[in-house]
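Structural characterization, general
Next come the chains, spelled out residue by residue.
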2 protein chains.
Amino acid sequence: MTNEEIPGGTVLNLWKLVISRFNKTLSELSDEQLQKQVAPGRNRVFYLVGHLLAVHDRMFPLLGLGDRLHPELDEIYVANPDRAFADPLSATELRRAWADVNDTLTAAFEKFTLEDWLQKHTAVSDEEFVKDPTRNRLAIVINRTSHASYHSGQVVLAK
Amino acid sequence: MTNEEIPGGTVLNLWKLVISRFNKTLSELSDEQLQKQVAPGRNRVFYLVGHLLAVHDRMFPLLGLGDRLHPELDEIYVANPDRAFADPLSATELRRAWADVNDTLTAAFEKFTLEDWLQKHTAVSDEEFVKDPTRNRLAIVINRTSHASYHSGQVVLAK
């Protein structure tokens with residue numbers, strides 16, 4: 001690993017660790033347990049996985065990696081609270097989509113050079129980026145990793 | 001901000017964001033609410049703050065920043081589960097120690113150059129570090145930020 005590869009590699013390692021730990025927890029929960037609330041009156045595990053799935057899926061356009069795979073999930077798992085709508089996919093479909101989105105993102109991240117990591121994300125303008133160059137792809141992936149950890153701490157309560 | 005400052009600055013921004021959000025949640029909880037379990041039978045908020053406090057305090061020697069401020073907390077909040085011991089400090093002392101440790105760490109991180117960030121942490125040997133240069137200070141701070149997010153997702157359930 002060259003010096004140039006270290007910052008991106010460091011962030012990528014944590015992304016992979018957090019996703020793999022989340023996947024381990026998810027693999028230990030039955031489809032019925034996905035319907036459990038993480039605490040009384042709080043979000044179901046199913047909703048939280050749908051939420052993370054939608055938020056991760058949004059990284060495709062945000063990082064300039066192409067079109068989203070599941071734009072239809074935002075309305076249900078991002079714009080609205082749990083139980084506002086019936087789940088539009090089965091537990092099997094949810095698990096599969098979650099794995100697909102993360103695997104595809106991880107494969108793209110593995111090809112990033114430091115220059116790629118430090119490019120601006122697509123939700124920031126050129127002018128804003130000149131003022132604040134930390135609004136880059138590295139920041140998005142660190143932020144999403146931290147966000148996945150946040151909900152991971154909740155999902156584990158359903159075990 | 002120069003190119004050299006961007007990776008560390010990006011990580012530092014998220015550290016500050018996660019800590020400030022955690023502090024906001026903490027400020028909205030009364031001392032009595034710190035005794036609440038985040039879910040039935042799970043850790044109390046007080047234990048989780050003590051746990052994060054001890055883990056963050058461990059960063060002083062781990063990152064070569066000097067001696068720990070609260071080594072006595074490990075036994076109670078890291079090595080043992082909640083309710084194994086009585087809390088050795090009051091809610092006021094806990095809140096103050098938590099703010100002190102994070103403020104002192106943040107002030108140190110703000111002085112790090114990219115070279116400082118990419119130095120090895122003290123729990124890795126020279127030989128291991130040659131093989132895996134991502135075992136650096138940047139990795140520790142990203143990891144601890146993600147860890148704080150994990151428990152932040154739990155503490156918010158006590159609100």
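The following refers to the structure shown. None of the values given here were measured: they were computed from a predicted structure.

All names here are of chain A. Under the counting rule described, the total for this entry stands at 12 aromatic pairs over all chains. Residues Trp15 and Phe109 carry aromatic rings whose centres are separated by 5.4 Å and whose planes lie at 75 degrees to one another, so their mutual orientation is edge-to-face. Within this pair, whereas Trp15 is found in helix 1 (residues 6-27), its partner Phe109 is found in helix 5 (residues 91-110), the two being separated by 94 residues in sequence. A ring pair is formed by Phe22 and Trp98, whose centres lie 5.1 Å apart and whose planes are at 55 degrees; its orientation type is tilted. Of this pair, Phe22 sits in helix 1 while Trp98 sits in helix 5, and the two are 76 residues apart along the sequence. Looking at Phe22, the relative accessible area reads 2%, which means it is buried. An aromatic cluster is defined as three or more aromatic residues linked by ring pairs; in this entry it consists of Trp15, Phe109, Phe112 and Trp117.

Across all of its chains, the model carries 22 salt bridges over all chains by this definition. In this structure, B:Asp57 and B:Arg68 form a salt bridge, with 2.9 Å as the shortest nitrogen-oxygen distance. Of the two residues, B:Asp57 is situated in helix 2 (residues 45-57) and B:Arg68 in the loop between helix 3 (59-62) and helix 4 (74-77); the sequence distance between them amounts to 11 residues. Residue B:Arg83 is joined to B:Asp82 by a salt bridge in which the shortest nitrogen-to-oxygen separation is 3.2 Å. Taking relative accessible area as the criterion, B:Arg83 reaches 44% and is therefore assigned partly exposed. Members of the salt-bridge network, linked through shared partners, are A:Arg44, A:Asp82, A:Arg83 and A:Asp87.

For the rest of this paragraph, the subject is the relation of the copies chain B and chain A. The transformation that overlays chain B on chain A combines an axial shift of 0.0 Å with a rotation of 180 degrees, and the residual RMSD is 0.0 Å. On the angle and the small slide along the axis, the relation comes out as a two-fold axis. Counting the interface residues of chain B, we find that 100% of their copies in chain A are interface residues as well, pointing to one common contact surface.

Residues and elements named next belong to chain B. Along the polypeptide, His121 turns up in the loop between helix 6 (114-117) and helix 7 (126-131). You can call His121 buried: its relative accessible area is 8%. Only 3.3 Å separates the side chain of His121 from the backbone nitrogen of Ala123, close enough to count as a polar contact. Non-local contacts of His121, meaning those with residues more than four positions away in its chain, are made with Leu62, Leu63, Arg135, Asn136, Arg137 and Ile140.

What follows deals with the environment of A:Asp74. Residue and element names in this part refer to chain A. Along the chain, Asp74 turns up in helix 4 (residues 74-77). The exposure class of Asp74 is buried, given its relative accessible area of 18%. Each C-alpha atom, one on Asp74 and one on Val141, is 19 Å from the other, the two residues being 67 residues apart in sequence. Those residues in contact with Asp74 that lie beyond four places of it in its chain are Ala54, Arg58, Arg68 and Ala79. At 2.7 Å, the side chain of Asp74 and the side chain of Arg68 are in polar contact.

With that settled, the discussion passes to the packing of helix 1 of chain A against helix 2 (residues 45-57) of chain A. Each pair of packed helices gets described by two things: the angle between the helix axes and the distance between those axes. Residue and element names in this part refer to chain A. The N-to-C vectors of helix 1 and helix 2 enclose an angle of 150 degrees; their axes lie 13 Å apart at closest approach. The pairing of helix 1 with helix 2 is recorded here as roughly antiparallel in orientation. For the crossing formed where helix 1 meets helix 2, the hand is left-handed. Each of Trp15, Ile19, Phe22 and Leu26 in helix 1 lies in contact with helix 2, whose residues at this interface are Val49, Leu52 and His56.

Residues and elements named next belong to chain A. Along the chain, Gln33 turns up in the loop between helix 1 and helix 2. Considering only alpha carbons, one finds Gln33 and Leu94, 61 residues apart in sequence, at a separation of 14 Å. For Gln33, the residues in contact, after removing those within four places along its chain, are Glu28, Val45 and Ala158.

Here is what the cut-offs are and how they apply
Residues numbered from 1 in each chain as written. Chains lettered and ligands numbered in written order. Predicted model: local features only at pLDDT ≥ 70, side-chain atom pairs only at ≥ 80, totals over all residues. Heavy atoms only, no water. Phe/Tyr/Trp six-rings, centres within 6.5 Å; stacked < 30°, edge-to-face > 60°. Helix = DSSP H or I, 4+ residues; strand = E, 2+ residues; numbered from the N terminus. Buried < 20%, exposed > 50% of the residue type's maximum accessible area, 1.4 Å probe, protein only. Salt bridge = Lys/Arg side-chain N within 4 Å of Asp/Glu carboxyl O. Least-squares fit on C-alpha atoms with pLDDT ≥ 70 in both. Contact = heavy atoms within 4.5 Å. Polar contact = N/O pair within 3.5 Å; in protein donor to acceptor, adjacent residues only side chain to side chain. Axes fitted to C-alpha atoms, helices over the stretch in contact; angles between N-to-C directions. Parallel < 35°, antiparallel > 145°, perpendicular 65-115°, else oblique. Left-handed = near helix turned anticlockwise from the far one by under 90°.

Function cannot be read off these values alone, since they describe shape.
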